[in-house]
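Examination of the molecular architecture
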Amino acid sequence: MAGKVFFSVSMSLDGFIAPASLGDLMGRQWMELQAWVFPQRFFRENLKLGGGGEEGRDNDIVRETFERTGASVMGKRMFDAGEHAWPQEAPFHTPVFVVTHEQRDPWERPGGTTFHFVNDGIEPALDRAREAAGDRDVRIAGGGATILQYLNAGLVDEFSIALSPVLFGSGIRLFDGVDASRIALELVRSEPSSRVTHLTYAVHPR
């Protein structure tokens, strides 16, 4: 268990990471929120969107986040949204553990991504992800409710936010329902780019 458990998300200035409705995912607001990542060379290469793309600190952060991740954990809502939106070669290229009540055999995709469906809670899913990740880190990929469960359970070591110059007004707030009495944060890094501000925090028990 040498690796860290972390999450990394884009967030609007008013605290939202996704629209409330799955039907609005990939809509205008969400695309504006994620606009910083789409032009990056590493992102384009990973999703096989063609050559070219920007290089610089934003691109470095996208690449570093991918390279540190040995396995991912996600909730059923995020999986349901992504199952139809991801390309056939899903962009994880590592094992992914889906926290769900659904009984389902592992789903193997081209390019090294296999989705495993875990029915007995967030901690067993994390244990399996840690074992699969080896000495690399485990990313809590989302969605917001799953991130919050791990954060409130004291299972997150670190997180990064790409703070985007977008206002949502409504949707899924990253910290809506957080148990602030149990969590203390330490700023590790703050890096502005021309598109977003990257903030990284270590998480400690209060």
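Scroll up to find the structure this text is about.
Described in the following lines is the structure provided in the data block. Each chain has its residues counted from 1, running along the sequence as written. Restriction of local features to residues with pLDDT of at least 70 applies here, the model being predicted, together with a cutoff of 80 or more for giving and counting side-chain atom pairs; totals for whole chains, interfaces and linings are based on all residues. The side-chain quantities take in all heavy atoms of the structure and omit both hydrogens and water.

Note the cis peptide between Gly142 and Gly143, where omega equals -5°. Strands are runs of DSSP state E lasting at least two residues, helices are runs of H or I lasting at least four, and both sets are numbered from the N terminus onward. Structurally, the position occupied by Gly143 is in the loop between strand S7 (137–142) and helix H6 (144–152). For His93, which is not a glycine, the phi torsion comes out positive at approximately 60°. Checked against the element boundaries, His93 lands in the loop between helix H4 (76–85) and strand S4 (95–99).

Turning next to the pairing of strand S11 (residues 197–205). Strand pairing requires that DSSP identify at least two bridges connecting the strands. With six bridges joining them, strand S8 (residues 158–164) and S11 adopt antiparallel strand pairing. Pairing of Ala162 across the sheet is with His198, part of S11. With antiparallel pairing between neighbouring strands as the criterion, strand S10 (residues 183–192) and S11 make up a hairpin whose turn holds four residues.

This paragraph deals with the environment of Ile183. Structurally, the position occupied by Ile183 is in strand S10. Sequence spacing of Ile183 and Lys48 is 135 residues, and the spatial spacing of their C-alpha atoms is 39 Å. Ignoring any residue separated from it by four or fewer positions in sequence, one finds Ile183 in contact with Leu151, Asn152, Val178, Val203, His204 and Arg206. Should any heavy atoms of two residues lie within 4.5 Å, those residues are counted as being in contact.

It is worth spelling out the nonpolar core at this point. To form a nonpolar core, buried Ala, Val, Leu, Ile, Met, Phe, Trp, Tyr and Cys residues must be joined to one another through side-chain atoms within 4.5 Å. When a residue's accessible area, from a 1.4 Å probe over protein chains only, is under 20% of the maximum for its type it is buried; when over 50% it is exposed; and in between it is partly exposed. Residues Phe7, Val9, Val73, Val138, Ile140, Tyr150 and Leu174 are the most contacted members of the largest nonpolar core, which totals 27 residues. When contributions to this core are tallied by element, the ones reaching two or more residues are strand S1 (5–12), strand S3 (69–75), S4, helix H5 (122–133), S7, H6 and S8. In terms of residue count, the dominant contributor to this core is H5 (five residues). Contact partners of Val9, with chain neighbours within four places excluded, come to Ile17, Ile147, Ser160, Ile161, Ala162 and Leu174. Core analysis: the next-biggest nonpolar cluster, separate from the first, contains ten residues, Met74, Trp86, Ala90 and Val96 among them.

To continue, consider the sheet that holds strand S6 (residues 114–118). Reading across the sheet, the nine strands line up as S5-S6-S4-S3-S7-S1-S8-S11-S10 and stay open at both edges, with mixed pairing between neighbours. Only two strands of the sheet have a single neighbouring strand rather than two, namely strand S5 (107–108) and S10. Judged from the seven bridges that link them, S1 and S8 form a sheet pairing that is parallel. Within S8, the residue paired with Met11 across the bridge is Leu163. Helix axes are fitted only over the stretch in contact, all axes being lines through C-alpha atoms; the angle between N-to-C directions runs from 0 to 180 degrees. Across the sheet, helix H3 (residues 57–68) touches S1, S3, S7, S8, S10 and S11, and the angle it forms with S3 is around 90°. Together, S1, S3, S4, S6 and S7 form the strand contacts of H5, whose direction differs from that of S3 by roughly 160°.

Quick look at the packing of aromatic side chains now. The description of two aromatic rings rests on the distance between their centres and on the angle between their planes. What counts as a ring pair is set by centres within 6.5 Å for rings of Phe, Tyr and Trp (its six-membered ring), and what kind of pair is set by the plane angle: stacked under 30 degrees, edge-to-face over 60, tilted for all other angles. Using the criterion set out here, one finds 15 aromatic pairs in the structure. These aromatic residues form a ring-pair network of at least three members: Phe79, Trp86, Phe92, Trp107, Phe115 and Phe117. The ring of Phe6 has Arg68 sitting right over it, with the charged end atom 3.8 Å from the ring centre. Here, over-ring charges are defined by two tests on the NZ atom of lysine or the CZ atom of arginine: distance to the ring centre within 6 Å, and angle to the ring normal within 35 degrees.

A few words now on the pairing of S10. Here S10 runs beside S11; their pairing, made up of nine bridges, is antiparallel. Bridge assignment links Ser190 to a residue of S11, and that residue is Leu199.

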